Amino acid sequence: MSMVLGPIHHWMFGKIKTSEARENNIVSAFKARYGADAEALLGEVYKKYPQTDSTKSLEELLANKSIHQGIQSIIIEGETREAAIIAAFCAKYDDAGKIASEAAHAHGIQCGKEAVNRKGLSANECKSTSKAFELLGDYLCDGMPCDRGAQVVEDSEKCTAWDHEECVHEKYWKNAGADFLTMCDIVNAWISGFCKGLNPISTYKREKAIASGDKSCLSILKNNS
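Residues numbered from 1 in each chain as written. Predicted model: local features only at pLDDT ≥ 70, side-chain atom pairs only at ≥ 80, totals over all residues. Heavy atoms only, no water.

## Here's the deal with helix α7 (residues 129-139)
Right, on to step 1. Those residues of α7 not exposed but buried are T129, A132, L135, L136 and Y139. All buried residues of α7 lie within an arc of 115 degrees about the axis, which places them on one face of the element.
Right, on to step 2. Here the buried face of α7 lies against α1 (6-34), α5 (96-119), α6 (123-127), β2 (159-164), α9 (180-198) and β4 (217-223). (Buried < 20%, exposed > 50% of the residue type's maximum accessible area, 1.4 Å probe, protein only. Helix = DSSP H or I, 4+ residues; strand = E, 2+ residues; numbered from the N terminus. Arc of directions from axis to C-beta. Contact = heavy atoms within 4.5 Å.)

## A few points about the pairing of β4
Right, on to step 1. Counting buried positions over the 7 residues of β4 gives 5, a clear majority of the element.
Right, on to step 2. Pairing of β2 with β4, which is carried by 6 bridges, proceeds in the antiparallel orientation. In the strand pairing of β4, T160 is matched with L221.
Right, on to step 3. Here strand β3 (residues 202-208) runs beside β4; their pairing, made up of 6 bridges, is antiparallel. What sits directly across from T203, in β4, is K222. (Pairing = 2+ DSSP bridges.)

## Section: the packing of aromatic side chains
Right, on to step 1. With the rule as written, the count across this model stands at 10 aromatic pairs.
Right, on to step 2. Considering the side-chain rings of W190 and F194, the 5.3 Å spacing of their centres and the 20 degrees angle between planes classify their relative orientation as stacked. Of the two residues, W190 and F194 are both situated in helix α9; the distance of 4 residues between them amounts to about one turn of the helix. Each member of the pair W190 and F194 is classed as buried.
Right, on to step 3. An aromatic cluster of three or more residues is present, and its members are F30, Y34, F89 and Y93.
Right, on to step 4. The ring of W11 carries K15 above its face, with NZ or CZ at 4.2 Å from the centroid. (Phe/Tyr/Trp six-rings, centres within 6.5 Å; stacked < 30°, edge-to-face > 60°. Lys NZ or Arg CZ within 6 Å of the ring centre and 35° of its normal.)

## Points about the pattern of salt bridges
Where charged atoms from two side chains of opposite charge approach closely, those side chains can pair.
Right, on to step 1. Per the counting criterion, the structure on display carries 13 salt bridges.
Right, on to step 2. Across the pair E102 and K98 runs a salt bridge, and its minimum N-O distance is 2.6 Å. Here the residue E102 and the residue K98 both occupy positions in helix α5, the gap between them amounting to 4 residues, near one helical turn.
Right, on to step 3. K98 gets classed as exposed once you look at its relative accessible area, which sits at 53%. (Salt bridge = Lys/Arg side-chain N within 4 Å of Asp/Glu carboxyl O.)

## Some remarks on the state of the cysteines
Right, on to step 1. Evaluated as defined, the whole model comprises 0 disulfides.
Right, on to step 2. Between C167, a cysteine without a disulfide, and C217, which holds the nearest cysteine sulfur, the sulfur-to-sulfur distance is 6.2 Å.
Right, on to step 3. You can call C167 partly exposed: its relative accessible area is 21%.
Right, on to step 4. The exposure class of C217 is buried, given its relative accessible area of 14%. (Disulfide = S-S within 2.5 Å.)

## A word on the nonpolar core
Right, on to step 1. F30, F89, W190, I191 and F194 are the most contacted members of the largest nonpolar core, which totals 53 residues.
Right, on to step 2. Elements represented by at least two residues in this core include exactly α1, α2 (36-48), α4 (67-92), α5, α7, α9 and β4.
Right, on to step 3. Those residues in contact with W190 that lie beyond four places of it in its chain are T18, R22, A104, H105, H107, G108, C111, L136, Y139 and L140.
Right, on to step 4. Core analysis: the second largest hydrophobic core is formed by 10 residues, M12, I16, L62 and C141 among them. (Core = buried A, V, L, I, M, F, W, Y, C linked by side-chain atoms within 4.5 Å.)

Keep in mind these numbers describe shape, not what the thing actually does.
Written out as structure tokens, the structure reads:
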């Protein structure tokens with residue numbers, strides 16, 4: 001693995017692991033809510049979309065694949081599996097989308113608090129929406145570095161806004177049979193939680209979403225202190 005590109009690949013792997021942890025939080029919430037029925041439903045999903053071996057390193061997972069292709073395939077597999085799980089539960093239970101969003105939000109809060117501790121952030125840094133967006137990029141898997149991803153359109157210490165001209169997740173979610181807007185809501189619930197974990201009095205809002213029929217997405221984070 002390249003000494004130059006290696007850190008970028010492990011940075012991406014960290015984001016992938018965060019997505020997998022969110023999926024696990026959602027699965028745990030489904031198990032708590034639906035009991036034995038959840039185990040049976042998950043078993044069916046995992047037959048088609050196997051779980052990633054969490055004990056393997058990035059190097060082991062990539063095996064003989066090219067680095068870029070290998071990381072991309074791990075992202076696709078993970079996003080498709082998470083969407084397939086949510087699709088299966090939403091098809092059977094009317095409240096599954098709500099349960100998944102709540103679990104994602106709780107996990108986001110946990111990650112935001114972890115970021116504060118890991119980075120040793122000061123109180124002022126936690127209040128900065130600009131810093132929050134920077135940290136979000138270390139945790140949220142939003143495509144590969146070569147994808148356009150989120151672009152900042154307004155930036156200050158008290159208000160940061162960013163947009164997407166396309167959704168890099170859409171085809172994976174739809175291929176898994178998941179509802180586009182439901183999945184968008186769940187990811188945005190996680191983002192909202194992450195921002196709350198950094199600064200409890202911040203406000204995150206998705207103003208526009210491709211999943212809702214808008215031409216682009218627009219997210220706004222405000223510091224209300």
